[in-house]
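Coordinates in review
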Amino acid sequence: MLGWVKPADNAESGFNTLLFRDVFGWALADTRRAAMLATVLVFIQAVLLNRLVDTFRMMHDRTWVPGAMYALAASVLPDFLFVSAPLVAATVIPLALSRMFSVYKQSMAFGAVFDSAFWLTVGSLFYPPLAWLLPVCFIGFFSLRSFHLREQIVFFTGVSVPFILALTFYFWYDAAPAFLNGQFAGGLQISIYALPDGLYGSLKTALLALMLIIVLAGFNVYYYKKLIQIQKFITILYWILFAGLFAMLLHGGTQFRQFILLAPSIAIFMAYSFQSLRNIFMAEVFHFGLLAAVFFIQSNCDDDMVHVLGDVMGEEVVKLWHKNTTLPDVDCVVLPGGFSYGDYVRAGAIAQFSPIMQAVKTFAANGGYVFGVCNGFQILCEAGLLPGILLRNANQQFICKNVWLKPETNRSPITAGLELDRALKIPIAHAEGRYFADPQTLDRLEANDQVLFRYCTPAGAVTPDANPNGAERSIAGICNEGRNVFGMMPHPERAAEAVLGNTDGRGLFESLIASLAVAG
């Protein structure tokens, strides 16, 4: 359940340094560009990581498994799928490691030492917490071989050169104070990490913890029968992993995108784990488990709604736990889709008894806006906030596809700005979406202009063939008599941004925001 409050300030200001905004600001303004650039960066990083492993013969055989594991690790959470400062900074880690490993049994490798320090410093200019990896790199050279004084001087030269160049550039354009503030005051503040609230945040935390446990549990496997130089490389990878984890925890942020810095080490170790599985069946189970985690975590209705309301529409969103008994000061309560309590009895039948629903009923009775989508619509009906009920689809099957909706009225907050003669393409995903009410209730809905949407053809014609689930009178969405509680089965949040190739759902949120502004 989501509570929607006033528009948010830029929550990323402490993470996006001046250099990052100057270089990648063009992508931040558009979701499609941000996603495409992130895809390109992850592909480049996977190639670089695989090249690192292959060059130094870290696996038994030449294989693309490390790169594939990196792609999975970098795709497992939605937080990694759009360009960000940590994602850009992660690109330099395989570059720095490659140059660092190359000094093994070489004397006076000034170029490699300089390059390692240089690349890590460049990464820290985009994302300052990466600077915590510099001490690990410095100590790592001592682990590989004798690290002479002249090489140490070269290392610190590699650290200073990119920083001085960037500072000189911003000094020339009178932006040096802002640059320094982003690198130090804004980027290297020290605070204890706060675990995220809510079930979804806990789920993502558990998934990351599971990957770390796999990595730690496989310590002996990674070292078993390895050459001495490979063992040294593995030791440094562990140092990089722990330093990155320490930096993220110390930084105190609550954004999971920070943990992309751990992905290079995790990917290599998971590749070792995968390669060590001699049983083909277990290897496939391992692989399928990772893919299942990716698809399961990515497909979360409440997080989709948070993304659209927060990142796309620019509103401040807070997640509300179902066991809460009070609501904070919010302008609108949104009940997103999903499967509350597994829908074991009837969709929304158990969720209506959640402690927070009494507060939602009081909020609605006082005129507060309440919006339910899919399972949220089912809960509103079960709780008596909307008339009728949602039954099993007429074909007795789960339906997931795009449908067309005809807006029936402008007299509701979510339809006030819509064109009544234009059909909207909105996806559905439900097994119990067939709206049902007795004839008297249906007649009353019609008479009071409470029907918000009907299923229709692309041309806007309401026909039996256009009704995907057998809903009475092709009803897809309704509101209450007070017009402050509204629900619908289709998912407008899945059709609200250009990156998805469909923005028909965005108009509903724009209408709702405008209605809230008028209501004050």
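Look above for the structure.
These numbers come from a predicted model, not from an experiment. (Residues numbered from 1 in each chain as written. Predicted model: local features only at pLDDT ≥ 70, side-chain atom pairs only at ≥ 80, totals over all residues. Heavy atoms only, no water.)

1. Digging into the overall build of the protein
Let me state the cut-off plainly: Segments assigned H or I by DSSP are reported as helices when at least four residues long, segments assigned E as strands when at least two residues long, and all are numbered from the N terminus. Residue exposure (1.4 Å probe, protein chains only): buried if accessible area is under 20% of the type maximum, exposed if over 50%, otherwise partly exposed. Whether two residues are in contact is decided by their heavy atoms, any of which lying within 4.5 Å being enough. Here the open area of atoms and residues is found with the Shrake-Rupley method and a 1.4 Å probe, where only the protein chains shown may cover a residue.
Within the protein one finds 19 helices and 11 strands. When the 520 residues of the protein are sorted by exposure, 55% land in the buried category. Sequence-distant contacts, at least 24 apart, represent 76% of the contacts inside the protein between residues at least 6 apart. Looking at the protein as shown, the accessible area adds up to about 23000 Å², and 62% of this sits on carbon and sulfur atoms.

2. As for helix α3 (residues 65-73)
In terms of burial, α3 is largely enclosed, as seven of its nine residues are buried. Within α3 the residues assigned to the buried category are Val65, Pro66, Gly67, Met69, Tyr70, Leu72 and Ala73.

3. Some details on the pairing of strand β11 (residues 485-488)
What counts here: Pairs of strands are assigned from DSSP output, requiring at least two bridges between the strands.
On β11, burial covers both faces: Val485 and Gly487 on one face and Phe486 and Met488 on the other are all buried. As paired strands, strand β4 (residues 369-373) and β11 are joined by four bridges and run parallel to one another. Among the inter-strand pairings, Val373 is bridged to a residue of β11, identified as Met488. One ladder, built from three bridges, connects strand β10 (residues 475-479) with β11; its direction is antiparallel.

4. Section: the packing of helix α6 (residues 110-126) against helix α8 (residues 149-172)
Describing two packed helices takes the angle between their axes plus the distance from one axis to the other. We apply this condition: Interaxial angle, 0 to 180 degrees, is taken between N-to-C directions of lines fitted to C-alpha atoms, where a helix line uses only the stretch in contact. Left-handed describes a crossing in which the near helix is turned anticlockwise from the far one by less than a right angle; the clockwise case is right-handed. Polar here means any residue other than Ala, Val, Leu, Ile, Met, Phe, Trp, Tyr, Cys and Pro, which are nonpolar, and Asp, Glu, Lys and Arg, which are charged; Gly is therefore polar.
One way to put it is that α6 packs onto α8 with a least axis distance of 8 Å and a crossing angle of 35°. α8 is crossed by α6, and the crossing has right-handed handedness. Here Phe110, Val113, Phe114, Ala117, Phe118, Thr121, Val122 and Leu125 of α6 lie close against α8, whose contacting residues are Arg150, Glu151, Val154, Phe155, Thr157, Gly158, Val159, Val161, Pro162, Phe163 and Ala166. Its residues assigned to classes, the contact of α6 with α8 shows 14 nonpolar, three polar and two charged.

5. What to know about the side chain of Ser116
Position of Ser116 among the secondary structure elements: in helix α6. We classify Ser116 as buried; its relative accessible area is 0%. Here Ser116 is in contact with Ala96, Arg99, Met100, Cys137 and Phe141, once residues within four sequence places are set aside.

6. Quick notes on the packing of aromatic side chains
Keep this limit in mind: Two rings from Phe, Tyr or Trp (for Trp, the six-membered ring) form a pair when their centres are within 6.5 Å of each other. A pair whose planes differ by under 30 degrees is stacked, one over 60 is edge-to-face, and the rest are tilted.
On inspection of all chains with the given rule, the structure shows 28 aromatic pairs. By way of ring pairs, the aromatic residues Phe138, Phe141, Phe142, Phe147, Phe155 and Phe156 are connected into one cluster.

7. What about the packing of α3 against helix α13 (residues 263-276)?
Cut-off, in case you're wondering: Should an angle fall under 35 degrees it is taken as roughly parallel, and over 145 as roughly antiparallel, whereas 65 to 115 is taken as roughly perpendicular and any remaining angle as oblique.
Following both chains from N to C, one finds α3 and α13 inclined at 125°, their axes separated by 8 Å at the closest point. Regarding the angle of α3 to α13, the classification is oblique. The handedness of the crossing between α3 and α13 is right-handed. Counted together, Val65, Pro66, Met69, Tyr70 and Ala73 of α3 and Ala263, Pro264, Ala267, Met270, Ala271 and Phe274 of α13 form the full contact between these two elements. Of the residues in the contact of α3 with α13, the class split is 11 nonpolar, no polar and no charged.

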